[in-house]
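Coordinates in review
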Amino acid sequence: MAIISGVLQDALGNPINGSITLRAKRTTGNVIGDTYVKINVDDGNYSFDLQPCEYDVVLTVEGYPKNHLNTITVYTDSPDGTLNDYLINPPNSDSMPEFLAQVLNARNEAKAAAEEARGSADGTVVLNKLSSSDGSAKIGHYGSNVQTVMDSDGKLHYWIAQMSAGKRVVIVDYGDSISDGQGSTLWTKNVAGTDHNLNAPNARPARTQAILRAMFNNDNIFVHNAGFAGKRLDNGWAVDNYKKCVLDNKFYGVPDIVMIGFGINDAGRNTGDLLDDTLRNTNLLLDMIEKNGSLPILLTSTVHRAISSDSGVNRLQLLEQLNDLKRRIARARNIPLLDLDLAIKNWMSTNTDGYRYQDLQPDFTHWGDLGYSFQACWVASIFYNRILKIDNTNKYISTNFLDSRSNSNVGHKNSSTSSNAKYGITAFIASPAKFDFKNHTLLDVWVWCEQVDASIVYRRNLHDANDSTITVTDMLTGSNYTQIAGVSGRKFDDYSGVDVPFYVGQLKYGLNRIQLIGDSNSESLIFGHFDFVANYQGKLQCKNLLQKMGTFRNYQKIVSPEKSSTKNISLSFSPDVYDAFGENVVQLFNRDKVTNICLEGKFVSRTGIFLVQSNGCNQDEIVGLMLFGFSGKLSIYRLRYNTATGEVNYEQRGEDAEVKADDDGLHRVTLKSYFNKKGSPVIDIYHAGKLAKSISWDGVDNIPPLAGVVGNQYRFQPANKSADMPVEITKFEVYYTDY
């Protein structure tokens, strides 16, 4: 029997409250198989006694799905320990395997060395601060990849902070031909003592260096290539040659971080005990690296060929065993591990961009330029402490100019606090003399995406339209495109909106860079922020706006006082005006598209339907564009509504369109909205297949809102009148065609 006790914490060091459930996987002399034990976890604390057996461990936290942590095994001679200690223990037999005992001993030695280091006077006070839960949280952030590989001593976070501070940081990628870059263009085999990045410019190290320098805006970051094709760790080569290939190289010297990437040759050539040989020599290499003051990081191997060995076990299975060994060594010695193998498998099995193993890894061993580029992008995303991450568990994230992840230098002094924007503040640069925004980067956001359908949405501020541009770069290939963020030479005045959604495009799987570049013509500038959203329904594709509700019905009885009319707005169709996921969003005016809206329903006289709406610049205000009338005539109105006071202001644009209900009482209308050749917004109203009216903003500076949430209702009742005013929408669709 062993006592398992400790404190359960998340990646930020916060205690977890919930329960741990253990299921016995087999029957032993003291345990009945498939029986359950439940242990409550209060403020992270847990303690329980376990009989020898193999158990499935499930963590339950209120508000989150159950999490199967892993399988643990308690042996007849198991010592007391924490749950983390036992999660690294692979099920095998009723006695502790020798190889696991070696790993645990190595872990204990590493912990003792760390405690000794803390007592020294070489700056480890900083590491202690970074290793605390609040310290690591200050450097990491929600959604960051780095939390998944954080070592408890905080050394990785320390070097990340140094990169962010512009300091010199030296990383060496020490491994076999995958580190070397064999198969990439312009590659020649590495020679000890040279600067191999010059001879392998498209290998993983050179690409990682370029990306990290761009991310941190720091040219003092070095990622050196110490990869040697055909070399191994299991046979002692990596240990015997570390000094010659790394420490004695005048270009490298003693590195701050050493990434260790051996394995593909070990799995294919070992004639002894592969795991024992690898365990012994890995620990020897780690001891050597740590003795020289460097932080070692283990990399899993990324080869995907299945070549049978003499034992009948194929090389893929041997590599999986090596990768599992690396994971356990990393846990035992409390050092980071970068699971490149898992990252590439996820990419290959998930991406919809057409990438295939056969194309990227022609010999099923060595990668081409794109394969090495993906690895570099992923490694860089781990090291970058301002990454935004979109995946299946984090489907929406937003960043503005005051968020450090946006890498904006605009600052709070160039801001307006009178805005109704999401963050309660809007970037406002009064002139280039205050801040030189012209052709300069205002927002520079790095996003790691593992969601196959994730959109980039720019939330515009339509108070001061301009020709600022948005550049989106797929860092895997280096390809990019540019969109105009505003509308040149036009104003929105009292009908200006904030957080107006502008669909920019889709995120690529992997690393994306999104930049907002300041306008070169304006003398003042206001700009918005970015959303990154999985399954964003406001993108430019055909969409049924009623798909989640079917026929929509809303009934209101409007009673007007004797001396004044009543203007009523119902937000029941889309109660959240700020709709982050674009569920009912329409892009009404696009530079290169025509927006087509098909509306069908029963409407009484003096009712209106919002075509777009968004938050207004003033607090508690909604602004939008609506279709109004339904009494034989339809009109286009701009509208402002104060949700606090109920005040409604509106103005008509253009003439009425002759539109009547059909014999079945349904109004059937098609709208086409676009920018004409003069650059002016136009809305064409069609009825019975014919153009009923074309409404243009030609010659008008103050143009209507361009996008927003659709479907809410407006009702007008003259003074001293009352009536039931139902609205029934049976069809509401939008689709986009090329201009």
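Note that the coordinates shown come from a computational prediction; the quantities given were computed from them, not determined experimentally.

**Quick notes on the overall build of the protein chain**
Along its length, the protein chain carries 15 helices and 40 strands. Residue burial in the protein chain is summarised as follows: out of 739 residues, 56% are buried. Taking the contacts inside the protein chain whose residues are at least 6 apart along the sequence as the reference set, 71% of them involve residues at least 24 apart. By element, 47% of the accessible surface of the protein chain is carried by carbon and sulfur atoms, the whole surface being about 30600 Å².

**Digging into the side chain of Asn 281**
Structurally, Asn 281 is set in helix 11 (residues 274–291). Judged by its relative accessible area of 8%, Asn 281 falls in the buried class. Here the side chain of Asn 281 touches Asp 234 through a polar contact of 2.8 Å, landing on its backbone oxygen. Apart from residues no more than four positions distant in its own chain, Asn 281 is found in contact with Leu 233, Asp 234, Asn 235, Gly 236 and Val 239.

**Describing the environment of Ser 419**
Within the element layout of this structure, Ser 419 appears in the loop between strand 14 (415–416) and strand 15 (426–429). The buried category is assigned to Ser 419, whose relative accessible area is 7%. Look past the residues within four positions of Ser 419 in its chain and what remains in contact with it is Gly 424, Thr 426, Val 498, Cys 617 and Gln 619.

**Brief notes about the sheet that holds strand 22 (residues 525–527)**
Taken together, the three strands give an open sheet; going across it, the order is 14-15-22, and neighbouring strands pair in antiparallel fashion. The open sheet is flanked by strand 14 and strand 22, the only strands paired with a single partner. Note that strand 15 and strand 22 share three bridges and pair antiparallel. Within the sheet, the bridge partner assigned to Phe 428 lies in strand 22 and is Ile 526.

**Observations regarding the packing of helix 13 (residues 340–350) against helix 15 (residues 369–383)**
For any two helices packed against each other, one specifies the crossing angle of their axes together with the interaxial distance. Relative to each other, helix 13 and helix 15 sit at 115 degrees, their axes nearing to 11 Å. Where helix 13 crosses over helix 15, the handedness of that crossing is right-handed. When helix 13 is examined against helix 15, the residues Leu 340, Ala 343, Ile 344 and Trp 347 are found in contact with a partner set consisting of Leu 370, Phe 374, Gln 375, Trp 378 and Val 379.

**Notes on the packing of helix 7 (residues 204–216) against helix 15**
Running from amino to carboxyl end, helix 7 crosses helix 15 at an angle of 40 degrees, the nearest separation of the two axes being 8 Å. In terms of orientation, helix 7 and helix 15 fall into the oblique class. The handedness of the crossing between helix 7 and helix 15 comes out as right-handed. Facing helix 7, whose interface residues are Arg 204, Arg 207, Thr 208, Ile 211, Leu 212, Met 215 and Phe 216, helix 15 presents Tyr 372, Ser 373, Gln 375, Ala 376, Cys 377, Val 379, Ala 380, Ser 381 and Phe 383. Among the residues making up the contact of helix 7 with helix 15, the classes are represented as ten nonpolar, four polar and two charged.

**Side note on the pattern of salt bridges**
A full pass over the atoms with the stated rule returns 31 salt bridges. Across the salt bridge formed by Asp 56 and Lys 25, the nearest N and O atoms sit 3.9 Å from each other. On the criterion of sequence distance, the pair formed by Asp 56 in strand 5 (residues 53–60) and Lys 25 in the loop between strand 2 (18–24) and strand 3 (36–41) is long-range, its members being 31 residues apart. With a shortest N-O distance of 2.6 Å, Asp 287 and Arg 333 are connected by a salt bridge. In this pair, Asp 287 sits in helix 11 while Arg 333 sits in helix 12 (residues 315–333), placing the two residues 46 residues apart along the sequence.

**Details of helix 15**
The terminal C-alpha atoms of helix 15 lie 21 Å apart, and with 15 residues this matches the ideal 21 Å at 1.5 Å per residue to within 8%. Among the 15 residues in helix 15, 13 count as buried, and that is most of the element.

**Here's the deal with the sheet that holds strand 3**
Reading across from one edge, 3-2-5-6 is the order of the four strands in this open sheet, with antiparallel pairing throughout. Two strands lie at the open edges of the sheet, namely strand 3 and strand 6 (67–74), each paired on one side alone. Across the sheet, the mean angle separating the axes of adjacent strands is 25 degrees when strand polarity is ignored.

**Digging into the pairing of strand 9 (residues 257–261)**
Across the five residues of strand 9, five count as buried, placing the element largely inside the fold. The two faces of strand 9 match: Ile 257, Met 259 and Gly 261 on one face and Val 258 and Ile 260 on the other face are all buried. Relative to strand 9, strand 7 (residues 169–175) is paired through five bridges, and the arrangement is parallel. Opposite Asp 173, over in strand 9, you have Met 259 as the bridge partner. Note: strand 9 against strand 10 (residues 295–299), four bridges, orientation parallel. Residue pairing in the sheet places Ile 257 in a bridge with Leu 295 of strand 10.

**Let's talk about the side chain of His 196**
Within the fold, His 196 resides in the loop between helix 6 (177–180) and helix 7. When residues no more than four places from it in sequence are discounted, the contact partners of His 196 are Asp 180, Trp 187, Thr 188, Lys 189, Asn 190, Asn 225 and Tyr 252.

**Side note on the environment of Asn 265**
Assignment of secondary structure puts Asn 265 in helix 10 (residues 264–269). Considering only alpha carbons, one finds Asn 265 and Asp 176, 89 residues apart in sequence, at a separation of 7.8 Å. When neighbours within four sequence positions are excluded, Asn 265 is seen to be in contact with Asp 176, Gly 230, Lys 231 and Arg 232. Within the local environment of Asn 265, its side chain forms a polar contact with the backbone oxygen of Lys 231, the two atoms lying 2.9 Å apart.

**Overview of helix 12**
In a regular helix each residue adds 1.5 Å, so 19 residues correspond to 27 Å; helix 12 covers 27 Å between its end C-alpha atoms and thus fits that length. Looking at the residues trailing helix 12, positive phi occurs at Asn 334, about 60 degrees.

**Quick look at the environment of Met 1**
With respect to the helices and strands, Met 1 occurs in the segment before strand 1 (2–7). It is 7.6 Å that separates the C-alpha atoms of Met 1 and Ser 78, two residues lying 77 residues apart in sequence. Apart from residues no more than four positions distant in its own chain, Met 1 is found in contact with Asp 49, Leu 50, Gln 51 and Pro 52.

**Brief notes about the packing of aromatic side chains**
By the definition in use, this model includes 24 aromatic pairs. Summarising the aromatic geometry, the rings of Phe 374 and Trp 448 are spaced 5.8 Å apart at their centres and angled 50 degrees between planes, so their arrangement reads as tilted. Of this pair, Phe 374 sits in helix 15 while Trp 448 sits in strand 16 (residues 441–449), and the two are 74 residues apart along the sequence. One exposure class covers both Phe 374 and Trp 448, and it is buried. Ring centres 6.3 Å apart and planes at 65 degrees place the aromatic pair Tyr 384 and Trp 446 in the edge-to-face group. One end of the pair, Tyr 384, is in the loop between helix 15 and strand 12 (388–390); the other, Trp 446, is in strand 16, and 62 residues separate them in sequence. Each member of the pair, Tyr 384 as well as Trp 446, is classed as buried. The ring of Phe 222 is capped by Arg 213, whose NZ or CZ atom sits 4.9 Å from the centre of that ring. Here Lys 672 stacks its cationic end above the ring of Tyr 686, 5.9 Å away from the centre of that ring.

**Quick word on unusual backbone geometry**
The backbone of Ala 688 sits at a positive phi, close to 55 degrees, despite the residue not being glycine. Along the chain, Ala 688 turns up in the loop between strand 35 (681–687) and strand 36 (690–696). The phi angle at Asn 720 is positive, at roughly 65 degrees, despite the residue not being glycine.

**Some details on the confidence of the model for the protein chain**
Of the residues in the protein chain, 88% have a pLDDT of 70 or more, and the chain-wide mean is 86. Note that residues 113–148 has pLDDT below 50 and, in this model, 61 contacts with residues that lie over four places away or in other chains.

**Some remarks on the pairing of strand 17 (residues 454–461)**
Most of strand 17 sits inside the fold, with eight of its eight residues counted as buried. Of the two faces of strand 17, the one lined by Ala 454, Ile 456, Tyr 458 and Arg 460 and the one lined by Ser 455, Val 457, Arg 459 and Asn 461 are each fully buried. Relative to strand 23 (residues 529–534), strand 17 is paired through six bridges, and the arrangement is antiparallel. Each bridged residue has a counterpart across the sheet, and for Tyr 458 the counterpart in strand 23 is Phe 530. Examined bridge by bridge, strand 17 and strand 20 (residues 497–506) share seven bridges and lie antiparallel to one another. Bridged to Arg 459 within strand 20 is Pro 501.

What counts and what doesn't
Residues numbered from 1 in each chain as written. Predicted model: local features only at pLDDT ≥ 70, side-chain atom pairs only at ≥ 80, totals over all residues. Heavy atoms only, no water. Helix = DSSP H or I, 4+ residues; strand = E, 2+ residues; numbered from the N terminus. Buried < 20%, exposed > 50% of the residue type's maximum accessible area, 1.4 Å probe, protein only. Contact = heavy atoms within 4.5 Å. Areas by Shrake-Rupley, 256 points an atom, 1.4 Å probe, with all protein chains shown as cover. Polar contact = N/O pair within 3.5 Å; in protein donor to acceptor, adjacent residues only side chain to side chain. Pairing = 2+ DSSP bridges. Axes fitted to C-alpha atoms, helices over the stretch in contact; angles between N-to-C directions. Left-handed = near helix turned anticlockwise from the far one by under 90°. Parallel < 35°, antiparallel > 145°, perpendicular 65-115°, else oblique. Nonpolar A, V, L, I, M, F, W, Y, C, P; charged D, E, K, R; others polar. Salt bridge = Lys/Arg side-chain N within 4 Å of Asp/Glu carboxyl O. Expected span 1.5 Å × (residues − 1). Phe/Tyr/Trp six-rings, centres within 6.5 Å; stacked < 30°, edge-to-face > 60°. Lys NZ or Arg CZ within 6 Å of the ring centre and 35° of its normal. pLDDT = per-residue confidence, 0-100.

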